[in-house]
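What the coordinates show
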Amino acid sequence: MNTAFDAVIIGGGILGIATAYELARAGMKKVCVLERHYLASGSTGRCGGGFRQQWSTEANTLLAMDSVKRLEGLEEELGYHTEFFQGGYLILAHTPEEEQQFAKNVEMQRRLGLDVNIVDADEALKIVPFLNKEMIRKATWCPKDGHINPFLLTQGYANAARRLGVQIHLWTNVVGIMKKSDTFFVMTEAGNTYQTPLLFNCAGGFSRSIGAMLNVEIPVDPYRHEILVTEPVERLWNPMVISFSVGLYARQEMSGGVVMGMGDPNEPVGTFVGSSMHFMYEMAQRFTRLFPKLDKLRIVRQWAGLYEMTADAQPILGPVDEVDNFIQASGFSGHGLMLAPAVSQILADMVINKKKSEVVDSLNVKRLYNLKNVNKEKSVV
Amino acid sequence: MKIICRCQDVSEDEIIAAIRQGATTIDEIRRLVRAGMGSCQGRTCRRLVAQIISRELKTPPAEIYPPTFRPPNRPVSFELIMAERERQETEDGDKK
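Residues numbered from 1 in each chain as written. Chains lettered and ligands numbered in written order. Predicted model: local features only at pLDDT ≥ 70, side-chain atom pairs only at ≥ 80, totals over all residues. Heavy atoms only, no water.

**Description of the overall build of chain A**
- In terms of helices and strands, chain A carries ten helices and 20 strands.
- The C-alpha extent of chain A, read off along each of the three principal axes, is 65 × 40 × 40 Å.
- A total of 381 residues make up chain A; the buried ones form 62% of that total.
- Here chain A displays about 14,800 Å² of accessible surface, and carbon together with sulfur accounts for 50% of that area.
- Counting 38 positive and 41 negative side-chain charges, chain A places the averaged centre of each group 1 Å from the other. (Helix = DSSP H or I, 4+ residues; strand = E, 2+ residues; numbered from the N terminus. Buried < 20%, exposed > 50% of the residue type's maximum accessible area, 1.4 Å probe, protein only. Areas by Shrake-Rupley, 256 points an atom, 1.4 Å probe, with all protein chains shown as cover. Lys, Arg positive; Asp, Glu negative; His and termini not counted. Charge placed at Lys NZ, Arg CZ, Asp CG, Glu CD.)

Right, here's the structure in full:
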């Protein structure tokens, strides 16, 4: 098989699928997504499902605010129920240093127009009962953050994209890419070749190896990130709760289970996504420290996915200098789902309507080739 | 209406609807309509879901992509996990 498309997107996670939809919506006729397994089988389908606008860098905050605006009307536009729920995000400050950093973040976020406040421990407990009050100094609260079902959001985008003529080729593993004059030749494990003048790298934890196929360095390192879900219980609280110093996030799904995950600084770089007993112990300890009254909750399932990290924990977006029309959307550092609705639209606008975007320019891969002045995103679990 | 997943109340019609949206594996159906996401983790419905896929897509059951199995085997409370950790730590301490 040898097929020609106007655009080929590598990666059938939320970034690839949303970008395909936005390209088709902006008028592109022949768009094709190549996914090596099934939809959202990588990081997207394994993530915590939160969307938040509370960040420490302006670029992330602006993209996230755009994303939430987009998400607010998306169910209607896609004609698909996604469990979109603006239950808010409560971010806990346990130390004076955190309190200081959060005050700075909130000041910047409010300047950009975000509805976010600093609350004290009593108010925090009104929003999320069962918290260990003694551990909390202050918290930041944004009621317009929330959570969504990652599978359903991806499927909703995919169904709408297919209706606009997008082809999604599942179980299609890309093994090599060549570029001759203006055409990319994308070769798959099954021996097929796709031709296109425009190629997107939305391969998440594997975007470095896709870049390498064209000799472009994409400095993204995948790390395993483990997560678990409890049995469904009565409504406990609405928001996503985050604590950076305890190192956990927790939210209650619409179906009742409490999903929680944590960052592990000892995790080595790699694409292994098996589960560990160490995580189970560590998560149990951290969660019951923060929620002592919820120690009877039962764990139903644990799993893991990849955080695709960049040096500044911000994504890599837009073109690269070495190869024309090779567009990057990767390195989201654990936050691809929540930034995808905005990023996909901005990138489609950029390639089709030649619209400039300052945020995309500021997140070009070039910044990561020289790490002297890194503006690192601090709000990462 | 025929219930296929008893833990999560998922009907045969919902599973067929997921297949019509492009799902070809047990894992995709689990993610889309939650069949097999409940407390038995699909022990009961896994084979039934495979049969429905096989019938709808006319694929031999042996060719259906095998589902993922995830720990723990049975639901287990945080309390129990903490107690087990403590026990192991005491044991390790005794050995030293």
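**Section: the pattern of salt bridges**
- Counted according to the given criterion, the structure contains 28 salt bridges over all chains.
- A salt bridge links Arg85(B) to Glu282(A); its shortest N-O distance comes to 3.9 Å. Taken together, the residues span two chains, with Arg85(B) in helix α4 (residues 78–95) and Glu282(A) in helix α8 (residues 277–290).
- With a shortest N-O distance of 3.1 Å, Lys296(A) and Glu79(B) are connected by a salt bridge. Placement of Lys296(A) in the loop between α8 and β18 (298–309) and of Glu79(B) in helix α4 is noted, with the two residues assigned to different chains.
- You can call Lys296(A) exposed: its relative accessible area is 55%.
- Residue classification places Glu79(B) among the partly exposed positions, given a relative accessible area of 35%. (Salt bridge = Lys/Arg side-chain N within 4 Å of Asp/Glu carboxyl O.)

**Considering the sheet that holds strand β15 (residues 240–243) of chain A**
- Taken in spatial order, the nine strands make up an open sheet running β6(A)-β7(A)-β5(A)-β15(A)-β16(A)-β17(A)-β14(A)-β18(A)-β3(B), and their pairing is mixed. Looking along the sheet, the strands with just one partner apiece sit at the ends: β6 (117–120) of chain A together with β3 (76–77) of chain B.
- Judged from the three bridges that link them, β15(A) and strand β16 (residues 248–252) of chain A form a sheet pairing that is antiparallel. Bridge pairing in β16(A) places Ile242(A) opposite Tyr249(A).
- Sitting on the sheet, helix α4 (residues 96–111) of chain A touches β5 (89–93), β6 and β7 (138–142) of chain A, and the angle it makes with β5(A) is about 145°. (Pairing = 2+ DSSP bridges. Contact = heavy atoms within 4.5 Å. Axes fitted to C-alpha atoms, helices over the stretch in contact; angles between N-to-C directions.)

**Quick notes on the sheet that holds strand β19 (residues 316–318) of chain A**
Residue and element names in this part refer to chain A.
- The six strands are arranged β9-β3-β2-β13-β20-β19 in an open sheet whose pairing can be described as mixed. On the outer flanks of this sheet lie β9 (167–169) and β19, each paired with one strand and no other. Adjacent strand axes in the sheet meet at a mean angle of 20° when their direction is disregarded.
- Here β19 runs beside strand β20 (residues 326–330); their pairing, made up of three bridges, is antiparallel. Along β20, the bridge assignment pairs glycine 318 with glutamine 328.

**Quick word on the interface of chain B and chain A**
- Each partner contributes residues to the interface: chain B has 27 residues there, and chain A has 36 residues.
- Taken over both partners, the interface formed by chain B and chain A buries close to 3,000 Å², and the fraction arising from carbon and sulfur atoms is 58%.
- The largest share of the area that chain B buries against chain A comes from Arg31(B), Phe78(B) and Arg85(B), three residues that together contribute 28% of it.
- Scanning the region where chain B abuts chain A turns up three salt bridges.
- At the surface where chain B touches chain A, the tally comes to 14 residue pairs in polar contact (both at pLDDT 80 or more).
- At the level of elements, α2 (26–33), β3 and α4 of chain B are the ones that each hand at least two residues to the side of chain B that touches chain A. (Buried area = accessible area lost by both parts, 1.4 Å probe. Polar contact = N/O pair within 3.5 Å; in protein donor to acceptor, adjacent residues only side chain to side chain.)

**Looking at the packing of aromatic side chains**
All names here are of chain A.
- Counting across every chain of the model gives ten aromatic pairs over all chains.
- Relative to tyrosine 194, the ring of phenylalanine 5 lies with its centre 6.1 Å away and its plane at 25°, an arrangement referred to as stacked. Of the two residues, phenylalanine 5 is situated in the loop between β1 (2–4) and β2 (7–10) and tyrosine 194 in strand β12 (residues 193–196); the sequence distance between them amounts to 189 residues.
- On the numbers, 4.8 Å between centres and 10° between planes, the contact of tryptophan 237 with phenylalanine 291 is stacked. Of this pair, tryptophan 237 sits in the loop between β14 (221–230) and β15 while phenylalanine 291 sits in the loop between α8 and β18, and the two are 54 residues apart along the sequence.
- The class of tryptophan 237 is buried, set by a relative accessible area of 3%.
- A cation over an aromatic ring shows up here: lysine 30 above the ring of phenylalanine 5, its NZ or CZ 5.4 Å from the ring centre. (Phe/Tyr/Trp six-rings, centres within 6.5 Å; stacked < 30°, edge-to-face > 60°. Lys NZ or Arg CZ within 6 Å of the ring centre and 35° of its normal.)

**Description of unusual backbone geometry**
- With an omega of -10°, the peptide bond between Pro71(B) and Pro72(B) qualifies as cis.
- Looking at the secondary structure, you find Pro72(B) in the loop between α3 (46–57) and β3.
- The phi dihedral of Ala40(A) falls on the positive side, at around 60°, and the residue is not glycine.
- Relative to the helices and strands, Ala40(A) resides in the loop between β3 (31–34) and β4 (50–51).
- With a phi close to 55°, Gln41(B) is a non-glycine residue in the positive phi region.

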